[in-house]
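Structural features, examined
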Amino acid sequence: MKITQEQFDKQFDDSEWENVGLRFETIHVFDDDSQILEGIYLGSLTPKSATESMIHVIDADGYNVGVWGSTLLDDLLSGVEIGTYVVIGFFGKRPTKSGKNSYKVFDLKIKR
C-alpha cells in the first residue's frame, strides 16, 4: 500500500499514536569552510549498509535537521547524550597523510 507522509500523519494522528522515529525536514550538507550548526542533539540514524553514512539529527530552533555523518563527526557525536545542546563546527577539508584523499574537519562543543 502506497501512502504519502500527509496521509500517514492524518490516518495515524497524534491523539492515538506516538512518534518514535527520528524525523527531519532537511539534510544539512557542510560544504563551505567555517560553518556552524547548533541545537539539541536528537540522536543518529544508523545506515542499513556499510556503504551508507549515518545521519545525525539536530533540533535547530524547532526545525529538525539531518546532518550526513563522517568518520570524525560520528566519533565526536558517539558519546553525546540525546537532549544535549551542541554546536558543530565545520572547518573544511584536509588531505590525508598520503595526500590521495581528504577528510572533513569538524569540532564539537556541548553546553554544560
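Residues numbered from 1 in each chain as written. Predicted model: local features only at pLDDT ≥ 70, side-chain atom pairs only at ≥ 80, totals over all residues. Heavy atoms only, no water.

Notes on the overall build of the protein chain
Broken down by element type, the protein chain carries two helices and six strands. The helix and strand sequence of the protein chain, counted from the amino end, reads α-β-β-β-β-α-β-β. The 112 residues of the protein chain split such that 27% are buried. Of the contacts made within the protein chain by residues no fewer than 6 positions apart, 45% connect residues no fewer than 24 positions apart. When the accessible surface of the protein chain is split by element, carbon and sulfur atoms take 50% of a total near 8,400 Å². (Helix = DSSP H or I, 4+ residues; strand = E, 2+ residues; numbered from the N terminus. Buried < 20%, exposed > 50% of the residue type's maximum accessible area, 1.4 Å probe, protein only. Contact = heavy atoms within 4.5 Å. Areas by Shrake-Rupley, 256 points an atom, 1.4 Å probe, with all protein chains shown as cover.)

Comments concerning the side chain of D74
Structurally, D74 is set in helix α2 (residues 71-77). K104 provides the closest opposite charge to the buried, unpaired D74, separated from it by 11 Å. A distance of 2.6 Å separates polar atoms of two side chains, one belonging to D74 and the other to H56. (Lys, Arg positive; Asp, Glu negative; His and termini not counted. Salt bridge = Lys/Arg side-chain N within 4 Å of Asp/Glu carboxyl O. Polar contact = N/O pair within 3.5 Å; in protein donor to acceptor, adjacent residues only side chain to side chain.)

Let's talk about the environment of T46
Its location among the elements puts T46 in the loop between β2 (35-45) and β3 (55-60). Of the residues examined, T46 reaches a relative accessible area of 63% and is grouped as exposed. Expressed as a C-alpha distance, the spacing of T46 and G69, which sit 23 residues apart in the sequence, is 9.9 Å.

Description of the sheet that holds strand β1 (residues 26-28)
Strand pairing in a sheet is mediated by backbone hydrogen bonds. Such pairs are either parallel or antiparallel. The strand order β1-β4-β3-β2-β5-β6 describes an open sheet built from six strands, whose pairing is mixed. The open sheet has two edge strands, β1 and β6 (102-110), and neither has a second partner. Each neighbouring strand pair of the sheet contributes to a mean axis angle of 45 degrees, computed without reference to strand direction. Note: β2 against β3, five bridges, orientation antiparallel. Residue pairing in the sheet places G43 in a bridge with V57 of β3. (Pairing = 2+ DSSP bridges. Axes fitted to C-alpha atoms, helices over the stretch in contact; angles between N-to-C directions.)

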